[in-house]
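Now for the letters of each chain:
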Amino acid sequence: ATQTAPVLETNLLNSLYGEVAVGNETLTDHVFKDVNLWPSAPCVTCGTSGRSYDYGMMQLMIERCAAALSGHLKLSPGERIGLILPNIPEFVVLIHGAMKAGLVVTFANPLYTSDEVRRQFADCNVKAIATIEMFIPMASEVSKSLKDYKGTIWVGGDDDKVTGIHGLRSLLMADHDADLPDVDANDVCLIPYSSGTTGLPKGVMLTHKNLVSNLKQVQTPKFMKYDGEKGKGDVILTVPPFFHIYGFNGILNYNLILGYHIVSLPKFTPDDYIKCLIEYQPSTLFVVPSLLTFLATHPSVKKEYLQSVDSIMVGAAPTTESMLEKFLLKVEKTKDQIKLLQGYGMTESSPVTLLTPYIYPYEKIGSIGQLVPSTQARVISLTTGESLGPHESGELLLRGPQVMKGYWNNEEATKETIDNDGWLHTGDIGYYDKEHFFYIVDRTKELIKVKGNQVSPTEIESIIMEHPEVADVAVVGMPDALAGEVPKAFVVLKPDHKLTEKQIIDNVAQKLAKYKHLAGGVAFLDAIPRNAAGKIMHHVFGESEKWADKS
Ligand code: 4UV
């Protein structure tokens, strides 16, 4: 073992930006640490309704929410609360109020069907749900399968309107007798769901320390607009959901720390987005690649609307260099006038591991960036497992204090993802250059990314397998100009069965959120390629004509 160690140390990359101290602050304390310096600055605004709170009011509501969850709903530290909320200002009240009360939050996409929400909330044993009026019936239905359920919170409602439901307004107005706990920074505070490299979505256990470390890592002057200075009052416009790790920690918490005005849309429409560009004059846009494509190609986006914008942050799925350049051409800006920044992350790493510096050489455009402080990387050969040198592609491995504690109730998946030396196996294929800029070129994992959203092939495959006529199935991501990828099903039917493409598509559509629908269609095959262990070789589909549609 001593002989191989030096070999392993070769091609082990450390961040060029040093280390950050991992403290003992809780996430909410860290995020709102400087709030007293700018209490009357606008904090979060709903870009659709205009509803807005300043920092002082936000802090007050968070404290009152924590007291209500603990004192009125009787939720105890460590218990889980599920949020089914779009990007609205009250999202911040609920999530930080819950964390202040020592609760563990899990969030679901409001577009989910009740089956999807139930699966997630039952898996981590949710005791209370907070949602908006539209989804109260879904919350009530889901709550029937939850043990020792303590109550539903109606964000935007009053107590007396629906019996048995707690209106958030009433909760915040009343005084509650609560003894808030001392929260330990090593405690888990967030369980987002991710399918990781394989299988169904799993709960990702993130501690205060994981999330705070990551916020400290990205608050490194080189990666920041004002070299680390806060309180400049910039306006940011953001669409990525707060119920995904990019939207929550990478965007929301990061910009709250800086005292920025966060304008967000609960639901993206081109008209609302353009209205926000004109009305709020944001300096920074946080996007996923499909939104960048919209900005670069949609006829209704005029260059005048982007006059206030000086930087755009893009992440969560692959971005092409040509799309970044197309965008600059469309808005007639130079790379100095609008900085195109890219970040790479995973739910399992809180999320940021790589980021482009605020100022970086133009020839590196398309790179996912450099390692943030306290983060190490290796790129390993897919065949030999050895660590590779510059410009050699292999699987990207990452290590740092932002890496999750593990998957919830799933030691096996944890062991498959984080090895004994603490390396997170990303399932992404990439390389680095001599200046330690990284590039993603492919993926070994099964995950499909539709407009930055995770889609687990296994989840769709198991629904298709429910048809008694289906003998075998594989779901694969197919390239799509706008969404990046869309799911397509390859199906083997039992002899003489006549199940149609439409029947398969409709059944998936009934059970899963829209972005998981089979937009890539269905193809019928004679056999699904599987390896010796019986695992579907998802990767083969993209490569070979032999799997082409035979229907
Ligand atoms: O688990 P997840 O859904 O997590 C994310 C998190 C994304 C980011 C990106 C930039 C940030 O600054 C930030 O705060 C959060 O998407 O999916 C993880 C997988 O998404 C792909 C890759 O396959 C990951 O394993 N992915 C994420 N970012 C990029 C990407 C990227 N920049 N380029 C290519 N693929």
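About the cut-offs
Sequence order as written defines the numbering, with residues in each chain counted from 1. With pLDDT at 70 or above as the cut-off, local features in this predicted model cover only qualifying residues; side-chain atom pairs require 80 or more to be listed or tallied, and sums for whole chains, interfaces and linings still use all residues. Processing note: side-chain calculations cover all non-hydrogen atoms of the structure and skip hydrogens and water entirely. One heavy atom suffices: a residue is near a molecule or strand as soon as one of its heavy atoms comes within 4 Å of it. N or O atoms closer than or at 3.5 Å make up a polar contact, with two conditions inside protein: a donor-capable atom paired with an acceptor-capable one, and, for residues adjacent in sequence, both atoms drawn from side chains. Surface accessibility follows the Shrake-Rupley procedure with a 1.4 Å probe radius. Residue values consider only the protein chains on display as shielding. A run of H or I in DSSP becomes a helix once it reaches four residues, and a run of E becomes a strand once it reaches two; helices and strands are each numbered from the N terminus. Salt bridges are counted wherever a side-chain nitrogen of Lys or Arg sits within 4 Å of a carboxyl oxygen of Asp or Glu. Only protein chains enter the calculation, and the probe is 1.4 Å; a residue is then buried if its accessible area is under 20% of its type maximum, exposed if over 50%, and partly exposed in between. Whether two strands pair comes down to DSSP finding at least two bridges between them. All axes here are fitted lines through C-alpha atoms, helices being fitted over the stretch that makes contact, and every angle between N-to-C directions spans 0 to 180 degrees. Working rule for angles: under 35 degrees goes down as roughly parallel, over 145 as roughly antiparallel, 65 to 115 as roughly perpendicular, anything else as oblique. We call two residues in contact whenever any of their non-hydrogen atoms come within 4.5 Å of each other. Note that Gly is not counted as nonpolar here; it falls among the polar residues with everything else outside the nonpolar set of Ala, Val, Leu, Ile, Met, Phe, Trp, Tyr, Cys and Pro and the charged set of Asp, Glu, Lys and Arg. By definition, the crossover connecting two strands over a helix is right-handed if that path, from the first strand to the second, turns clockwise as seen with the strands pointing away from the viewer.

It is worth spelling out the site of the ligand at this point. Near the ligand there are 22 residues, and of these His 244, Thr 347, Asp 428, Lys 445 and Lys 449 occur at the shortest range. At 2.7 Å from an oxygen atom of the ligand is found a side-chain nitrogen or oxygen belonging to His 244. Protein coverage of the free-state accessible area of the ligand, which is 660 Å², stands at 98%. Of the residues forming the shell around the ligand, the biggest block, 4 residues, is contributed by strand β16 (residues 339-345).

What follows deals with the pattern of salt bridges. Under the defined criterion, the tally for this structure stands at 26 salt bridges. When the shortest N-O distance is used, the salt bridge between Glu 459 and Lys 516 registers 3.0 Å. Pair noted here: Glu 459 is in helix α14 (residues 457-464) and Lys 516 is in the loop between α15 (501-511) and β28 (522-524), with a separation of 57 residues, a long-range link. The class of Glu 459 is buried, set by a relative accessible area of 9%. For Lys 516, a relative accessible area of 3% puts it in the buried group. Through salt bridges with shared partners, one network takes in Asp 428, Arg 443, Lys 445 and Glu 485.

Strand order across the open sheet formed by 5 strands is β1-β19-β20-β22-β23, with antiparallel pairing between neighbours. The open sheet has two free edges, formed respectively by β1 (13-14) and β23 (438-443), since each of these has just one partner strand. Two elements, strand β20 (residues 394-399) and strand β22 (residues 424-432), share 4 bridges in a ladder whose sense is antiparallel. Within β22, the residue paired with Leu 398 across the bridge is Leu 424.

Time to look at the packing of helix α4 (residues 89-100) against helix α9 (residues 245-257). As a packed pair, α4 and α9 sit with axes 13 Å apart at the nearest point and diverge in direction by 90°. When the axes of α4 and α9 are compared, the pair comes out roughly perpendicular. Every residue of α9 that contacts α4 at Phe 91, Val 92, Ile 95, His 96 and Met 99 is listed here: Phe 248, Leu 252, Asn 253 and Leu 256. Classifying every residue of the contact of α4 with α9 by side-chain character gives 7 nonpolar, 2 polar and no charged.

Next up on the list: the sheet that holds strand β13 (residues 261-264). Pairing is mixed across the open sheet formed by 9 strands, whose spatial order is β3-β2-β13-β12-β14-β15-β16-β17-β18. The sheet is open, and its two edges are formed by β3 (52-54) and β18 (370-371), each paired on a single side. Judged from the 3 bridges that link them, strand β2 (residues 42-46) and β13 form a sheet pairing that is parallel. Paired with Val 44 across the bridge in β13 is Ile 262. Running over the sheet, helix α11 (residues 289-297) touches β14 (284-287) and β15 (311-314) and is turned about 125° from β14.

Position of Ser 49 relative to the elements: it lies in the loop between β2 and β3. When the C-alpha atoms of Ser 49 and Lys 232 are compared, they prove to be 25 Å apart, with 183 residues separating the residues in sequence.

In this section: the pairing of strand β5 (residues 104-107). In β5, alternate side chains face the same way, and those of Val 104 and Thr 106 on one face and Val 105 and Phe 107 on the other are all buried. Bridging between strand β4 (residues 80-84) and β5 involves 4 bridges; their strand directions are parallel. Considered in β5, the bridge of Arg 80 is made with Val 104. With respect to chirality, the unit in which β4 leads through α4 into the neighbouring parallel β5 is right-handed.

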